[in-house]
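Below are the chains, spelled out letter by letter.
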Amino acid sequence: MKPTQKAAGAAANYVDERTGAAKWLKKNLTKVFPDHWSFMLGEIALYSFIILLLTGTFLTFWFDPSQREVIYNGSYLPLNGLHMSAAYDSTLRLSFDVRGGLLMRQIHHWSALIFMSAIVAHLFRVFFTGAFRKPREFNWLIGVGLLTFGIVEGFLGYSLPDDLLSGTGIRIAEAILQAIPVVGSYLSFFAFGGAFPGTAFIPRIFIVHVLLLPGLFLALITIHLMLVWYQKHTQYPGPGRTEKNVVGYPLMPVYMAKAGGFFFVVFGVTAFLGAVASINPIWLVGPYTPGQISAGSQPDWYMGWLDGLVRAAPPLETHAFGHTISWNILIPGLILPGILFTGMALYPFIESWFTGDKREHHLLDRPRNAPNRTALGVTSIVFILITIVNGGNDIIATHFHLTINGVMWFTRVGLFVIPPIAFVVTKRVCLSLQRSDRDLVLHGRETGRLVMMPNGEMLEVHEPLSDAKKWTLTQHQRPEALAAPLPASATVGLKGKLRARMNRAHATQIPAPTLTDLKELGEGHH
Amino acid sequence: MSNQIERFEDPGLPAHVHRNADSDPLAAKRAERQVAILFMLSALGTVLTIAAYIYVKSDKYVYLPIMGSTNLQQILLGLGLTASTLFIGLGAIQWAKKLMPDQEEIAERHEFRSKEVDRDELVAAFKERGGSAGLGRRSLIKRSLGLSLGLVGLSPLVLLRDTGPLPKKFFTTTDWTAGTRLLLDPAGTPIKASDLEVGAVAQVLPELPAGTERTLENTGKDAVLLIRLRPEDFNLDPQKLSWTYQGIIAFSKICTHMGCAVALYEQQTHHLLCPCHQSTFDVTRGAKVIFGPAARPLPQLAITVDADGYLVAVQPFTVPIGPSFWERNSSNG
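It should be emphasised that the depicted structure is a prediction, and the values quoted were computed from it without experimental measurement.

A. Structural view of the overall build of chain B. Each helix and strand in chain B was counted, giving eight helices and 14 strands. Seen through its principal axes, chain B has C-alpha atoms that stretch 100 × 80 × 65 Å. Counting all 333 residues of chain B, 32% fall into the buried class. Within chain B, residue pairs in contact and separated by at least 24 positions form 57% of the contacts whose partners lie at least 6 positions apart.

This is the structure:
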């Protein structure tokens with residue numbers, strides 16, 4: 001035996017005698033993971049989180065989370081001699097006087113954007129394929145939690161430099177706090193340690209940003225991954241894939257190499273963005289002061305929908321009995337986001353309620369085969385996209401030579417009109433795709449080869465699909481695949497009627513072809 | 001033909017397709033070299049990073065197409081880091097794709113639900129052990145424990161009380177009083193009516209009592225915008241008109257929607273626009289809201305001149321400035 005092998009063996013023995021890890025490892029080294037590009041979206045989020053921890057730690061070595069007033073005297077000459085907070089001052093030093101400081105700041109910010117994008121893309125994948133169904137509802141809830149905390153974490157992060165833009169963002173957050181009925185002005189004073197902006201806020205959000213929320217992320221991500229590990233990954237339908245098995249590549253060596261390699265790829269791409277693409281150049285806007293503002297104030301993209309909702313709100317306030325309630329802030333700033341996120345969190349339970357489906361699901365749905373769910377998802381995305389457009393209405397207006405008023409009115413009307421249209425169109429598209437699948441199975445693939453019959457008739461040759469492909473396109477057609485018929489007792493009363501109505505809507509589908517269909521068709525042909 | 005509907009059958013896992021490198025030793029050797037080259041590129045990236053850190057001057061800027069003037073050290077560090085990480089990843093993935101086994105494996109899933117007997121045993125054990133502690137019987141213990149657990153959560157809440165003082169009159173007052181001079185921001189000098197031409201805009205702050213230092217908290221509610229129009233442009237009620245001076249009108253600069261600085265003035269239309277949420281105020285009509293989410297006009301500050309001819313406030317704001325809050329009495333604006 002070589003000396004290295006001997007040393008490795010001794011170390012492994014040492015660990016195993018104290019933990020019994022060999023048994024667990026032996027089983028899990030061969031653990032199988034299904035392969036699909038869409039399963040890498042969650043991975044991107046995970047790797048971005050690691051990059052955020054690494055770069056964020058670097059930043060804390062120089063960043064001074066304090067609103068103590070200092071006079072800037074550094075390498076960025078245009079701001080020399082200006083009064084500013086130590087937070088802004090140290091961010092300038094990080095950007096101009098620390099080697100690699102600007103790079104790390106930019107990687108950190110890009111990574112945060114990628115983190116949020118990956119979470120949202122992962123959410124879409126899980127929603128549209130029905131991966132949230134039993135037994136994975138817990139992981140759906142954890143995911144919604146991670147998304148929510150991610151938005152807060154990102155907002156706090158870009159608020160830390162205390163520049164003119166981020167200070168304006170905090171001013172708006174303060175106005176939302178202040179608008180809460182009965183306790184608003186007290187909450188604002190408690191959060192800011194007195195009057196806005198005060199000197200308490202940056203140190204407070206700093207500790208939330210670097211300790212509290214990352215700790216929470218770490219805990220939630222750990223549970224999320226442990227559940228994925230324990231419950232085994234879902235898989236797309238296909239030949240050999242069933243509800244009872246999982247088909248894919250083993251952890252050792254294929255997945256270790258692929259997933260480990262992918263971490264470095266994500267790091268490399270983020271580092272490249274940080275190297276060449278300037279992001280949040282805080283020195284251009286100057287330090288925060290409540291009396292000034294920069295035109296074209298924009299939050300990061302994952303806050304854009306909230307800003308867009310607030311911008312679209314009509315000027316509604318209630319004045320009564322010496323009190324003021326700002327519906328123009330409360331509805332778009334708190335009530336609607338609350339409804340949206342609660343609805344999202346509860347969706348797996350709502351769907352299971354109206355479908356009556358309590359079975360385990362490990363095979364994913366192709367989005368077209370669950371038209372109602374897909375349409376609902378697209379509807380929500382369209383709604384959010386319109387709000388994001390409105391969140392940048394000033395930028396859009398100037399770039400496309402429109403009026404802000406025009407974009408705003410488009411949003412105010414569009415938020416009510418376009419999502420329902422999107423629902424109907426999506427559902428139709430899904431059903432059409434099902435029809436086209438049916439045609440494919442029954443008539444085969446169009447080859448583009450034309451043949452002329454002896455009688456001069458031109459025909460295109462259709463090539464039958466492989467058995468594997470036929471199976472993939474028809475396997476979803478099991479009885480009660482989408483929604484189980486509800487017992488009659490469950491459909492009485494208003495709630496029951498609603499449930500029955502949703503059940504029927506969800507069960508809409510084009511009958512998938514069967515072998516019988518194909519045979520009958522064949523008989524007709526000859 | 002039978003009435004039984006035949007469905008398509010699952011043909012099972014397709015047969016493994018051999019890759020070039022599986023059967024051709026030369027192809028395998030080629031793949032090995034590719035992986036090694038990728039790893040070597042990563043090593044070169046690290047060398048580049050270290051070299052850039054040590055040998056490139058921090059204040060050297062170069063002009064690059066599209067990017068413009070760029071700090072040479074930052075971009076070399078970035079590209080070095082990119083190469084050192086990206087190529088490790090690409091190498092590992094190439095290795096997995098070309099050389100590692102690519103035969104899919106099948107693993108069985110197991111039901112998560114515990115066996116009936118295990119569940120029953122758990123329930124029995126739970127009941128027995130809970131019973132032995134008197135969980136069902138001793139209601140006095142149960143209730144008092146519930147009370148104490150409910151109360152224990154209160155202490156941290158109470159301890160958070162001192163995170164800030166009470167607002168008291170903060171939201172309803174500003175530093176503007178009768179006779180307060182208007183000081184130009186940031187110059188800090190008093191201003192005469194003749195200093196402003198028609199169409200001009202200026203930001204002013206109140207003169208604070210001697211010895212008081214101006215803080216951002218003051219600025220956040222004291223900032224006022226002065227705008228000079230032709231007196232005939234105004235369309236105001238007599239009282240609000242009397243609050244102007246020779247065509248100069250003063251408004252709180254803090255948006256009544258969410259507190260941003262209302263800074264964009266359009267000279268042609270006399271509109272003020274808040275860049276945060278696009279609330280638009282008509283200056284000629286006392287900053288009435290003509291578009292956007294703001295529900296109330298910007299509060300107007302009554303101004304005149306003192307004996308030396310400097311602009312001063314006639315009185316404090318008559319309504320609270322800035323965004324709404326629960327205690328705000330908005331019955332008179």
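B. A look at the overall build of chain A. Helix and strand counts for chain A stand at 18 helices and eight strands. On the principal axes, the C-alpha backbone points of chain A span a range of 90 × 80 × 60 Å. Looking at chain A as a whole, 41% of its 526 residues qualify as buried. Contacts in chain A between residues at least 24 apart in sequence constitute 72% of all its contacts with a sequence separation of at least 6.

C. Here's a closer look at the interface of chain A and chain B. On the chain B side, the residues contacting the 92 residues of chain A number 80 residues. Per-element tally for the side of chain A that touches chain B: the top contributor is helix α10 (residues 251-276) of chain A, with 18 residues. Its residues assigned to classes, the side of chain A that touches chain B shows 48 nonpolar, 33 polar and 11 charged. Two elements, strand β4 (residues 245-250) of chain A and strand β3 (residues 105-108) of chain B, share four bridges in a ladder whose sense is antiparallel. In the strand pairing of β3 of chain B, Asn 245 of chain A is matched with Glu 108 of chain B.

D. View of unusual backbone geometry. Residues and elements named next belong to chain A. That bond from Lys 134 to Pro 135 is cis: its omega, 10 degrees, falls within 30 degrees of zero. Relative to the assigned elements, Pro 135 resides in the loop between α5 (101-128) and α6 (137-159). The omega torsion across Phe 196 and Pro 197 is -5 degrees, close enough to zero to call that bond cis. Relative to the helices and strands, Pro 197 is located in the loop between α8 (184-192) and α9 (201-231). At Val 182, a residue that is not glycine, the phi angle is positive and equals roughly 70 degrees. Position of Val 182 among the secondary structure elements: in the loop between α7 (164-179) and α8.

E. Highlighting the nonpolar core. Judged by nonpolar contacts, the single largest core of 151 residues is most densely connected at Phe 115 of chain A together with Cys 260, Val 262, Leu 301 and Ile 303 of chain B. The element best represented in this core is α5 of chain A, accounting for 15 residues. Sequence-distant contacts of Cys 260 of chain B, that is, excluding residues within four places in its chain, are made with Thr 168, Arg 171, Ile 172 and Ile 293 of chain A together with Cys 255, Cys 274, Pro 275 and Cys 276 of chain B. Residues Ala 375, Leu 376, Val 382 and Ala 422 of chain A belong to the second largest nonpolar core, which totals seven residues.

F. Representation of the pairing of strand β7 (residues 248-252) of chain B. Residues and elements named next belong to chain B. Most of β7 is tucked away: five of the five residues are buried. With five bridges joining them, strand β6 (residues 224-228) and β7 adopt antiparallel strand pairing. Opposite Leu 225, over in β7, you have Phe 251 as the bridge partner. Of the strand pairs in this sheet, β7 and strand β12 (residues 300-301) are connected by two bridges, and their pairing is antiparallel.

G. Region of the structure containing the sheet that holds β3 of chain B. Spatial strand order, β1(A)-β4(A)-β3(B): three strands in an open sheet with antiparallel pairing. With partners counted over all chains shown, the strands left at the sheet margins are β1 (32-33) of chain A together with β3 of chain B, one partner each. Each of β1 and β4 of chain A is contacted by α10 of chain A, which is oriented at about 70 degrees to β4 of chain A, the strand it contacts most.

H. Highlighting helix α12 (residues 327-355) of chain A. Residues and elements named next belong to chain A. Here α12 contains 29 residues, and its C-alpha end-to-end distance of 36 Å is more than 12% below the 42 Å for a straight helix at 1.5 Å per residue. Taken together, the buried positions of α12 are occupied by Asn 328, Ile 329, Leu 330, Pro 332, Gly 333, Pro 348, Glu 351, Phe 354 and Thr 355. Looking one or two residues beyond α12, the residue adopting positive phi is Gly 356, at roughly 70 degrees.

I. Quick look at the packing of α6 of chain A against α7 of chain A. All names here are of chain A. Here α6 crosses α7 at 130 degrees, and the two axes come no closer than 8 Å. With respect to their mutual orientation, α6 and α7 come out oblique. From α6, Phe 155, Tyr 158 and Ser 159 reach across to α7, where they touch Ser 166, Gly 169 and Ile 170. Partitioned by chemical class, the residues of the contact of α6 with α7 number three nonpolar, three polar and no charged.

J. View of the environment of Thr 219 of chain B. Here Thr 219 of chain B is to be found in helix α7 (residues 216-222). Along the primary structure Thr 219 of chain B and Phe 8 of chain B are separated by 211 residues, whereas in three dimensions their C-alpha atoms are 75 Å apart. Ignoring anything within four residues of it in the chain, the contact list for Thr 219 of chain B reads Thr 289, Pro 290 and Gly 291 of chain A together with Leu 205 and Arg 214 of chain B.

K. A look at helix α3 (residues 40-60) of chain A. Given a rise of 1.5 Å per residue, 21 residues ought to cover 30 Å, and the 30 Å separating the end C-alpha atoms of α3 of chain A matches this to within 8%. Every buried residue belonging to α3 of chain A is among Met 40, Gly 42, Ile 44, Ala 45, Tyr 47, Ser 48, Phe 49, Ile 51, Leu 52, Thr 55 and Leu 59 of chain A, and all of these are buried.

L. Expanded view of the confidence of the model for chain B. With 99% of its residues at a pLDDT of 70 or more, chain B has an overall mean of 92. In the predicted complex, the global pTM is 0.93; the interface-specific ipTM is 0.92.

M. Representation of the domain arrangement of chain A within the structure. Residues and elements named next belong to chain A. According to the domain assignment, chain A contains domain 1 (29-350) and domain 2 (366-526). When each unit is reduced to the centre of its C-alpha atoms, the spacing between domain 1 and domain 2 is 33 Å. Contacts between the two partners involve 16 residues from domain 1 and, on the opposite side, 24 residues from domain 2. For the side of domain 1 that touches domain 2, the elements supplying multiple residues, two or more each, are α5 and α11 (301-312). Class assignment for the residues of the side of domain 1 that touches domain 2 results in seven nonpolar, seven polar and two charged.

N. Geometry of the sheet that holds strand β8 (residues 264-266) of chain B. Residue and element names in this part refer to chain B. Overall, antiparallel pairing links the four strands, which are arranged β8-β9-β10-β11 in an open sheet. At either end of the open sheet lies a strand with only one pairing partner, and these are β8 and β11 (288-291). Ignoring which end each strand starts from, the neighbouring axes of this sheet average 30 degrees apart. By the bridge criterion, three bridges tie β8 to strand β9 (residues 271-273) in an arrangement that is antiparallel. Bridging from a neighbouring strand, Tyr 265 pairs with Leu 272 of β9.

Analysis parameters
Residues numbered from 1 in each chain as written. Chains lettered and ligands numbered in written order. Predicted model: local features only at pLDDT ≥ 70, side-chain atom pairs only at ≥ 80, totals over all residues. Helix = DSSP H or I, 4+ residues; strand = E, 2+ residues; numbered from the N terminus. Buried ≥ 20, exposed ≤ 12 C-beta atoms within 10 Å, placed from the backbone. Contact = placed C-beta atoms within 7 Å. Nonpolar A, V, L, I, M, F, W, Y, C, P; charged D, E, K, R; others polar. Pairing = 2+ DSSP bridges. Core = buried A, V, L, I, M, F, W, Y, C linked by C-beta atoms within 7 Å. Axes fitted to C-alpha atoms, helices over the stretch in contact; angles between N-to-C directions. Expected span 1.5 Å × (residues − 1). Parallel < 35°, antiparallel > 145°, perpendicular 65-115°, else oblique. pLDDT = per-residue confidence, 0-100. Domains from an automatic or database assignment.

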